[in-house]
Amino acid sequence: MKTNRLYILLSVLLVAMLITLVPSQSARADTGPKPTMHFEFVYEVDPPLTIVSGVQLECQAADCSDAKPLTEGGPQRFGCTSEECSSLAYGYADYHRLSIEFSDGKTRQSNIFSEKYFEAYFRVTVREDDLLVEELPGKNTSFLSYFALVPILGFAIIFCIIALIELPLVIILLILVIRNMDFPALRGWYIAGWVLSLPGFLLALIVEGGLLVTLVVELLLALVYALWRKRPRTKLLTVVLLMNLLTQPVLWVVVSNISDGSVFLPLAIGEIIVWLVEAGILALALRKQAKFLEALGLSLVLNLASFGIGLLFPF
């Protein structure tokens, strides 16, 4: 009983610590892929200038009458060096415009433009009084960008690939949880879980590279927990692996479709749902060894750990 209370108290302290970190560190909890824009500058003015600062304006209206600066939240932001600019977002608006201040003291505004690619490259021609932004499709080599010009077909292809990979993992996870037996009794299913996780893991590295960090952190913590609390190691590690390969892509899909407004609330709601879903899975998988509150605490610690890593490192 005392151990359970200590475990819950530790979880609460971790929550409080991470909440205090959010304002001072850029929250990068979502480690999934996000659309990006890269801007290279060429000059029609002589001598060439350097960039002092800039803003990327986001618009839903075609004439940009509702223009607002790209909201900063987590990794979502727009930034410039003295020579180039770039932005990253959970999701962009339909139209965009740049407003850049240069070393000659002038602030020049660009034409209204849109992007076709998930990872978009642009040439920005600096003229005497304004900027001309043009997309450079030939520079784009992003895996997801090959689907950008045919979004319906691309979505269908990606959905089918993910479904083919995820469905066997769902079935194996259900079998392990429902039958509730450890490695010797369900040897074949445990081996199948790890083997069939490989395609999902490889796809995640291509599409969602940050999942690697999440898996390493949570599997190591799960192993420490299993050794400390004397829980079945093979079962726990397999369940943690499978549930992350299922929940993290879903979280990314939801959050990456946010195009405007504050990103913190949807991200927070998504993280809470993932925490509770994974707590339920762990509670069922460990129902003979641990109570629900312990599973809830374990899920909280695992998710907070990967969240905290996201605070410290950009993915």
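What you see is a predicted model, and the numbers here were worked out from it, not measured in a lab. (Residues numbered from 1 in each chain as written. Predicted model: local features only at pLDDT ≥ 70, side-chain atom pairs only at ≥ 80, totals over all residues. Heavy atoms only, no water.)

**Considerations on the overall build of the protein chain**
What counts here: Going along the chain from the N terminus, every DSSP run of H or I of four or more residues is numbered as a helix, and every run of E of two or more is numbered as a strand. Only protein chains enter the accessibility calculation, which uses a 1.4 Å probe; a residue is then buried when its area is under 20% of its type maximum, exposed when over 50%, and partly exposed in between. The contact criterion used throughout is that any non-hydrogen atoms of two residues lie within 4.5 Å.
Secondary structure assignment for the protein chain yields 7 helices and 9 strands. Per-residue burial over the protein chain gives 44% buried out of 315 residues. Sequence separation of at least 24 residues holds for 65% of the intrachain contacts in the protein chain that already meet a minimum separation of 6.

**Some details on the pattern of salt bridges**
Condition: Take a side-chain nitrogen of Lys or Arg and a carboxyl oxygen of Asp or Glu: if they are within 4 Å of each other, that pair is a salt bridge.
Going through the model one piece at a time under the given rule, you end up with 8 salt bridges. Between Asp104 and Arg108 there is a salt bridge, and its shortest N-O distance comes to 2.8 Å. On the basis of relative accessibility, which here comes to 1%, the residue Arg108 falls in the buried class. Here Arg229 ties to Glu294 by a salt bridge, and the two come within 3.0 Å at their closest N and O atoms. One end of the pair, Arg229, is in helix H4 (residues 211–229); the other, Glu294, is in helix H7 (residues 292–312), with 65 residues separating them in the sequence. Given the relative accessible area of 4%, Glu294 is considered buried. Salt bridges sharing partners connect three or more residues here, namely Lys106, Glu128 and Asp129.

**A look at the sheet that holds strand S2 (residues 51–59)**
In any sheet, the strands associate via hydrogen bonds between backbone groups, in a parallel or an antiparallel arrangement. For clarity, the threshold we go by: The pairing criterion for strands is at least two bridges between them, as found by DSSP.
Strand order in this open sheet of 4 strands is S3-S2-S6-S7, and the pairing throughout is antiparallel. Both outer strands of the open sheet, strand S3 (68–69) and strand S7 (107–109), are each paired with one neighbouring strand and no more. As judged from the 3 bridges shared by strand S6 (residues 95–102) and S7, these two strands associate in the antiparallel manner. Pairing of Glu101 across the sheet is with Thr107, part of S7.

**As for the state of the cysteines**
Put simply, the rule is: By disulfide we mean two sulfur atoms from cysteines, separated by a distance within 2.5 Å.
With the rule as written, the count across this model stands at 2 disulfides. Note that Cys80 is cross-linked by a disulfide to Cys85, the S-S spacing being 2.0 Å. Residues Cys80 and Cys85 share a disulfide whose torsion about the S-S bond is about 105 degrees; that sign makes it right-handed. Given a relative accessible area of 29%, Cys80 falls into the partly exposed group.

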